[in-house]
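The lines below spell out each chain.
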Amino acid sequence: MLLDLHVLQASLNELPSEETVDSSEVNPYLLNEVLRPLLSGKVLHYGDIDYSEFDADDLRVISDYCDKREHVMHGLQRIVNGLVEARASACKGRAFC
Amino acid sequence: MIEISEYLWETLYAIKAVYDHDPNAQIFQLYKDTAIDGDDLFEIAENAINQFFADTREYFNEDNEVATYVFFDPIITQYWKLCDEYEKRLQLDPKENRFRSDMNRALESALYIPDYSYNAAWYSDTKHKNGCRIVILCYLEFNTYHWIPTALSEAYDAFVHYTQQIKAAIAELDQPKIAGLKGPGCQDQRKKAA
């Protein structure tokens with residue numbers, strides 16, 4: 001199978017930006033003040049957490065959310081790995097002038 | 001890509017149970033400056049387990065790799081003593097005492113942990129040499145330490161709740177006798193009791 005990266009890029013750019021996994025059920029505090037900072041590499045301490053902002057069930061919900069998110073990420077990673085491992089093929093038509 | 005440890009939420013789950021029980025528990029001071037990464041789940045869960053009852057003892061049998069937690073607390077002993085008193089006052093068999101059956105059901109529910117490799121028991125005999133206690137045995141494949149604090153929190157709350165109920169029931173035992181008193185001077189006694 002031949003894949004034109006130029007066409008792929010253009011197609012991806014046309015797609016609307018949306019969340020890969022629905023986060024509407026996730027506690028906003030855990031999502032915005034805990035998970036997102038951690039994903040961006042920020043170091044959080046147990047003393048930074050406001051435990052009154054969520055309940056125990058919210059932790060189960062965000063854990064499920066992270067599982068689903070990770071599943072999607074692994075799927076994307078497989079696609080990326082497939083592209084990286086593909087052998088390049090020279091363009092047959094004239095590309096310049 | 002930064003990945004989040006699957007244990008991170010479990011660690012917060014253990015600490016959250018402590019917070020809901022006592023927001024000023026010493027565990028918050030102890031781990032105030034510890035980075036959240038989920039690597040210290042077991043250590044934090046172990047500390048969290050110690051935050052609910054007055055006296056928590058832990059034993060580990062290296063031969064069969066069983067961790068045993070034993071919990072003692074005045075609220076546990078007091079409750080079963082109140083059960084004894086209630087039975088004595090009403091001349092009930094312990095099996096007929098609804099406060100025993102209610103508490104047994106509450107503890108069974110509270111100490112349910114979604115893990116096949118554990119066992120929980122409680123001892124209500126106030127005359128036993130080892131005293132009234134709750135025991136949790138974690139076998140080799142037990143993998144849900146973060147759940148124990150929640151179980152203990154619910155067990156503690158059950159003791160608080162039913163202690164209030166049984167105290168009220170014992171107090172009520174005297175009420176009909178006083179209300180039924182008739183004759184001179186009894187009105188004063190009723191007012192005093194009220």
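This report concerns the structure included in the present document. All values reported here derive from a predicted model rather than from experimental measurement.

What counts and how
Residues numbered from 1 in each chain as written. Chains lettered and ligands numbered in written order. Predicted model: local features only at pLDDT ≥ 70, side-chain atom pairs only at ≥ 80, totals over all residues. Heavy atoms only, no water. Helix = DSSP H or I, 4+ residues; strand = E, 2+ residues; numbered from the N terminus. Rg over C-alpha atoms; globule rule 2.2 N^0.38 Å. Contact = heavy atoms within 4.5 Å. Buried area = accessible area lost by both parts, 1.4 Å probe. Salt bridge = Lys/Arg side-chain N within 4 Å of Asp/Glu carboxyl O. Polar contact = N/O pair within 3.5 Å; in protein donor to acceptor, adjacent residues only side chain to side chain. Patch = residues over 30% accessible without salt bridge, like charges linked within 9 Å, V, L, I, M, F, W, Y side chains within 5 Å. Areas by Shrake-Rupley, 256 points an atom, 1.4 Å probe, with all protein chains shown as cover. Core = buried A, V, L, I, M, F, W, Y, C linked by side-chain atoms within 4.5 Å. Buried < 20%, exposed > 50% of the residue type's maximum accessible area, 1.4 Å probe, protein only.

**Quick word on the overall build of chain A**
Scanning chain A from terminus to terminus reveals three helices and zero strands. Counted from the first residue to the last, chain A has its helices and strands arranged as α-α-α. For chain A, the C-alpha radius of gyration of 20 Å lies well beyond 13 Å, the compact-globule estimate for 97 residues. In terms of principal-axis extent, the alpha carbons of chain A reach across some 65 × 25 × 25 Å.

**A few points about the interface of chain B and chain A**
Counting from both sides, the interface comprises 23 residues of chain B and, opposite them, 25 residues of chain A. Taken over both partners, the interface formed by chain B and chain A buries close to 2100 Å², and the fraction arising from carbon and sulfur atoms is 75%. Considering only the side of chain B, the residues that lose the most area to chain A are B:Trp9, B:Lys16 and B:Ile36, jointly responsible for 34% of the buried surface there. The interface formed by chain B and chain A contains zero salt bridges. Counting across the interface, chain B meets chain A through six residue pairs in polar contact (both at pLDDT 80 or more). The element best represented in the side of chain B that touches chain A is helix H1 (residues 6–21) of chain B, accounting for eight residues.

**Some thoughts on a nonpolar patch on the surface**
All names here are of chain A. Where nonpolar side chains cluster on the molecular surface, the patch consists of Leu-3, Leu-5, Leu-76, Ile-79 and Leu-83 and spans about 460 Å² of accessible area. Counting residues per element, the nonpolar patch draws most heavily on helix H3 (residues 56–85), which supplies three residues. The topology assignment puts Leu-83 in helix H3.

**Observations regarding the nonpolar core**
Residue and element names in this part refer to chain B. Formed by 71 residues in total, the largest nonpolar core has its most connected members in Trp-9, Tyr-79, Trp-80, Met-103, Ile-134, Ile-148 and Phe-159. For this core, the element with the most residues is helix H6 (residues 148–179), which contributes ten residues. Residues contacting Phe-159, with those up to four places away along its chain left out, are Ile-75, Ile-76, Tyr-79, Trp-80, Met-103, Leu-107 and Ile-134.

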